[in-house]
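Here's the letter readout for the chains.
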Amino acid sequence: MPPEGPWGPGRFLEDLAAGLCREGDTFGAHLCQLLTGERTLEAVDAPSSLVCLLGVEHRSPENFASLLEPLALHLSEAFEYAVRVGNADTLFPTIQPFKLAHATLLADVGLTDKAGAPGTRRPSTSSRRCPRTSSPTLSA
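Residues numbered from 1 in each chain as written. Predicted model: local features only at pLDDT ≥ 70, side-chain atom pairs only at ≥ 80, totals over all residues. Heavy atoms only, no water.

A. Fine view of the confidence of the model for the protein chain. Scored by pLDDT, the protein chain has a mean of 76; 77% of the residues are at 70 or more. The secondary-structure element of the protein chain with the lowest mean pLDDT is helix H7 (residues 136-139), recorded at 43, while helix H3 (residues 70-86) shows the highest, at 88. Every residue in residues 132-140 scores below 50 in pLDDT, and together they form two contacts with partners more than four places removed in sequence or on other chains. (pLDDT = per-residue confidence, 0-100. Helix = DSSP H or I, 4+ residues; strand = E, 2+ residues; numbered from the N terminus. Contact = heavy atoms within 4.5 Å.)

Structure below.
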């Protein structure tokens, strides 16, 4: 992108995102925020996070149930895939808990093949590449 100024493309996208958010278009606002290149999928509990899952306003407690909707996860996974195509070393560990919750819901209704039950599917690349730390609680 060309150098930023008061009317640069990044500033335009930020202003557009703010306007879309005010109008209730969360998905459009998130898309603009991600297109600036300044943001990525952020932790749901980070005070400064704007985009946790695409299309869900996670900063409002009444929307917390929406964090488990499959569409939000699928859109976020599509974004993750697109970024990883450009840079295979990019990781999005902040969406792993939502992937786990979705897999648990699938397994609960008997869709273990789609949930990725052991032996049915390889684990995602990002979960294999996340740093592993030794925890006395988990090792016991």
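B. Fine view of empty space enclosed by the protein. A full pass over the atoms with the stated rule returns one cavity of 30 Å³ or more. Computed from the structure, the largest cavity encloses a volume of approximately 40 Å³. The element contributing the most residues to the lining of the largest cavity is helix H4 (residues 96-108), with four residues. For the lining of the largest cavity, a count of residues per class yields six nonpolar, one polar and one charged. (1 Å grid on protein atoms, 1.4 Å probe; cavity = no way out; pocket = protein on both sides within 12 Å on 5 of 7 lines; lining within 4 Å. Points joined across faces, edges and corners; volume = space filled by probe spheres on them. Nonpolar A, V, L, I, M, F, W, Y, C, P; charged D, E, K, R; others polar.)

C. Layout of the environment of alanine 17. Structurally, alanine 17 is set in helix H1 (residues 9-22). Considering only alpha carbons, one finds alanine 17 and leucine 34, 17 residues apart in sequence, at a separation of 9.7 Å. Residues in contact with alanine 17, not counting those within four places in the same chain, are Ala29, Cys32 and Gln33.

D. Representation of the packing of aromatic side chains within the structure. Scanning the entire structure with this criterion turns up one aromatic pair. Ring centres of phenylalanine 79 and phenylalanine 92 lie 5.7 Å apart, and the angle between their planes is 65°; this geometry places the pair in the edge-to-face category. Of the two residues, phenylalanine 79 is situated in helix H3 and phenylalanine 92 in the loop between H3 and H4; the sequence distance between them amounts to 13 residues. Residue classification places phenylalanine 79 among the buried positions, given a relative accessible area of 19%. (Phe/Tyr/Trp six-rings, centres within 6.5 Å; stacked < 30°, edge-to-face > 60°. Buried < 20%, exposed > 50% of the residue type's maximum accessible area, 1.4 Å probe, protein only.)

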